[in-house]
Amino acid sequence: GVRTMNFVRMTSAEDPMYEVARALYKMSFPAHEQREEGGQRQIMDTPDYHFDLIYDGEVFAGMILYWQTEGFLYVEHFCIDPGQRNQRYGQRALELLKEKGKTLILEIDPPTDEMTKRRQGFYERAGFHVNSFSHVHPPYRQGNQGHDLVVMSWPSKLEQAVYEEFDGYLKNVVMEDV
């Protein structure tokens, strides 16, 4: 039979899968793009915030950490377990997210090398659009500067007003407890 992909939401760092998920998270993102442990634990039960594990049947395939608002859904962190790559899990997870019927927003590093260009291509093939807004993600760590990122969105480019709503939400809600 066909295994079904689903998201399992975790609302506490006491969950036995939390350490497994954190290990994948730490391996998948550069330090300046990671939440510190204390801040991560603090937001787990925030209503807008979804710390979701991606399962394919019983198989833990990755994680998708996002913020869901009235107007849009912002994907803050998204990664597939390297041992589970090339099974279209990334693509299938995005399809599942689209079923929520919201505008999807995410950020990628500016496409300057092979890997960053490939990542942009992956999202474009999934129907995402590059937005031309000059965008800085606030720093996750003391003493760090914010970092320039490219905003991508689905199903279409963002109107200026929606971008501004997202940017305000990012600065005032997503990054509030960092």
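Residues numbered from 1 in each chain as written. Predicted model: local features only at pLDDT ≥ 70, side-chain atom pairs only at ≥ 80, totals over all residues. Heavy atoms only, no water.

Caption draft 1: Focus on the overall build of the protein chain. Along the backbone of the protein chain there are five helices and eight strands. A globule of 178 residues ought to have a C-alpha radius of gyration of about 16 Å, and the protein chain, at 16 Å, matches this closely. C-alpha extents for the protein chain along the principal axes are approximately 45 × 35 × 35 Å. In the protein chain, of all internal contacts separated by at least 6 residues, the share reaching a separation of at least 24 is 64%. (Helix = DSSP H or I, 4+ residues; strand = E, 2+ residues; numbered from the N terminus. Rg over C-alpha atoms; globule rule 2.2 N^0.38 Å. Contact = heavy atoms within 4.5 Å.)

Caption draft 2: Quick peek at the layout of surface pockets. As a volume, the largest pocket reaches approximately 1,100 Å³. Considering the residues around the largest pocket, the lining is formed by 35 residues, among which F78, C79, R119, F122 and Y123 are closest to the centre. Residue contributions to the lining of the largest pocket peak at seven residues, all from strand β4 (residues 72-80). (1 Å grid on protein atoms, 1.4 Å probe; cavity = no way out; pocket = protein on both sides within 12 Å on 5 of 7 lines; lining within 4 Å. Points joined across faces, edges and corners; volume = space filled by probe spheres on them.)

Caption draft 3: Quick peek at the pairing of strand β3 (residues 59-68). Across the 10 residues that make up β3, a large majority, eight, are buried. The turn joining strand β2 (residues 49-56) and β3, which pair antiparallel and follow one another in sequence, is formed by two residues; a positive phi near 60 degrees is taken by G57. Relative to β4, β3 runs antiparallel, the two being bridged by seven bridges. By the bridge assignment, G62 is partnered in β4 with I80. The antiparallel hairpin formed by β3 and β4 contains three residues in its connecting segment. (Buried < 20%, exposed > 50% of the residue type's maximum accessible area, 1.4 Å probe, protein only. Pairing = 2+ DSSP bridges.)

Caption draft 4: View of the nonpolar core. Residues F51, L53, M63, Y74 and F166 are the most contacted members of the largest nonpolar core, which totals 31 residues. Every element with two or more residues in this core is listed here: α1 (18-28), β2, β3, β4 and α5 (160-174). Considering every element that reaches this core, the biggest residue donor is α5, with five residues. The residues touching L53, leaving out its near neighbours within four places in the chain, are N6, F7, V8, M10, M17, A21, F60, G62 and M63. Counting 23 residues, the second-largest nonpolar core is a separate cluster that includes Y89, I108, A126 and W154. (Core = buried A, V, L, I, M, F, W, Y, C linked by side-chain atoms within 4.5 Å.)

Caption draft 5: Spatial organisation of α1. Y18, A21, R22, L24 and Y25 are the residues of α1 that are buried. Buried residues along α1 cover an arc of 160 degrees about the axis, so they all sit on one side. Each element contacted by the buried residues of α1 is listed here: β1 (5-10), α2 (37-43), β2, β3 and β4. (Arc of directions from axis to C-beta.)

Caption draft 6: Just the environment of A126, in detail. You can see A126 is positioned in the loop between α4 (114-125) and β6 (129-130). With a relative accessible area of 8%, A126 lands in the buried category. Each C-alpha atom, one on A126 and one on T103, is 14 Å from the other, the two residues being 23 residues apart in sequence. Excluding its chain neighbours within four sequence positions, the residues that come into contact with A126 are L94, K98 and W154.

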